[in-house]
Amino acid sequence: MKHKTRFAPIFLTAMAFVTPCIGQEAPVGGQGLFEKWCSPCHGVGEAASIFLDKKYQGAIPGVIEQRNDITRELVTLRIRTQIPGMPAFRPTELTDMEVSQIADYLAGDKGK
Ligand code: HEC
């Protein structure tokens, strides 16, 4: 029981720092969500883009934001189903609404 009281102040101090940061960085819209959750792998020159470039051999861009053939179904499937190289995102990380926004962004026309 003693250890609980010892850790409580540490936890509260940590939360005091973490909470405002989350508030400030909350991304807005599909593009903002993509930049936060997907760009570390799917940005230009990042690991997934390099992987997909090799896979498609120049037939289509490795950067998924530059593609015209991405469907909402593929995005939803990839976000929710674990595959080697890409983690699945739980509803506590990305809600169905947020997944839908990202799917709209990637499947949308983005000025094609
Ligand atoms: C940890 C790195 C990583 C993160 C983060 C990540 N992905 Fe991926 N993603 C990959 C890799 C690697 C592949 C290729 C897997 C394969 O084809 O075997 C992939 C494949 C995909 C594909 C399928 C592309 C194709 O042509 O088959 C889609 C769509 C996709 N990711 C969307 C997303 C979205 C949307 C997010 C953000 C919510 C995201 N990914 C976050 C690594 C990542």
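Placed above this text is the structure.
Residues numbered from 1 in each chain as written. Predicted model: local features only at pLDDT ≥ 70, side-chain atom pairs only at ≥ 80, totals over all residues.

Caption draft 1: Quick look at the site of the ligand. Close to the ligand lie 20 residues, the nearest being Cys38, Cys41, Ala48, Gly85 and Met86. Residue assignment for the shell around the ligand shows that the elements contributing at least two residues are α3 (39–42), α4 (47–56) and α5 (72–80). Ranked by residue count, the leading element in the shell around the ligand is α5, at four residues. Grouping the constituent residues of the shell around the ligand by class yields 17 nonpolar, two polar and one charged. (Near = placed C-beta within 6 Å. Helix = DSSP H or I, 4+ residues; strand = E, 2+ residues; numbered from the N terminus. Nonpolar A, V, L, I, M, F, W, Y, C, P; charged D, E, K, R; others polar.)

Caption draft 2: Main features of the environment of Cys38. For Cys38, the location among the structural elements is in the loop between α2 (29–37) and α3. In the structure, Cys38 is positioned 48 residues away from Met86 in sequence and 9.8 Å away in space, judged by C-alpha atoms.

Caption draft 3: Local environment of the packing of α5 against helix α6 (residues 96–107). The N-to-C vectors of α5 and α6 enclose an angle of 135°; their axes lie 8 Å apart at closest approach. Classed by the angle they form, the pair α5 and α6 counts as oblique. For the pair α5 and α6, the sense of crossing is right-handed. Together, Arg72, Val75, Thr76 and Ile79 of α5 and Val99, Ile102, Ala103, Leu106 and Ala107 of α6 make up the contact between the two elements. Taken together, the residues of the contact of α5 with α6 break down into seven nonpolar, one polar and one charged. (Axes fitted to C-alpha atoms, helices over the stretch in contact; angles between N-to-C directions. Parallel < 35°, antiparallel > 145°, perpendicular 65-115°, else oblique. Left-handed = near helix turned anticlockwise from the far one by under 90°. Contact = placed C-beta atoms within 7 Å.)

Caption draft 4: Representation of the nonpolar core in the model. Listed in full, the eleven residues of the largest apolar core are Phe34, Cys38, Ile64, Val75, Ile79, Leu94, Val99, Ile102, Ala103, Tyr105 and Leu106. Element by element, the count of residues in this core is highest for α6, at five residues. With residues near it in sequence (within four places) discarded, Phe34 still touches Ser39, Ile102 and Tyr105. (Core = buried A, V, L, I, M, F, W, Y, C linked by C-beta atoms within 7 Å. Buried ≥ 20, exposed ≤ 12 C-beta atoms within 10 Å, placed from the backbone.)

Caption draft 5: How the structure looks around unusual backbone geometry. Even without being a glycine, Gln57 presents a positive backbone phi close to 50°. On the basis of neighbour count, Gln57 is assigned to the exposed category, with 8 C-beta atoms found within 10 Å.

Caption draft 6: Spatial organisation of α5. Buried residues of α5: Val75, Arg78 and Ile79, and no others. What you see down the axis of α5 is that its buried residues fit within an arc of 100°, all on one side. Packed against the buried residues of α5 are α6. (Arc of directions from axis to C-beta.)

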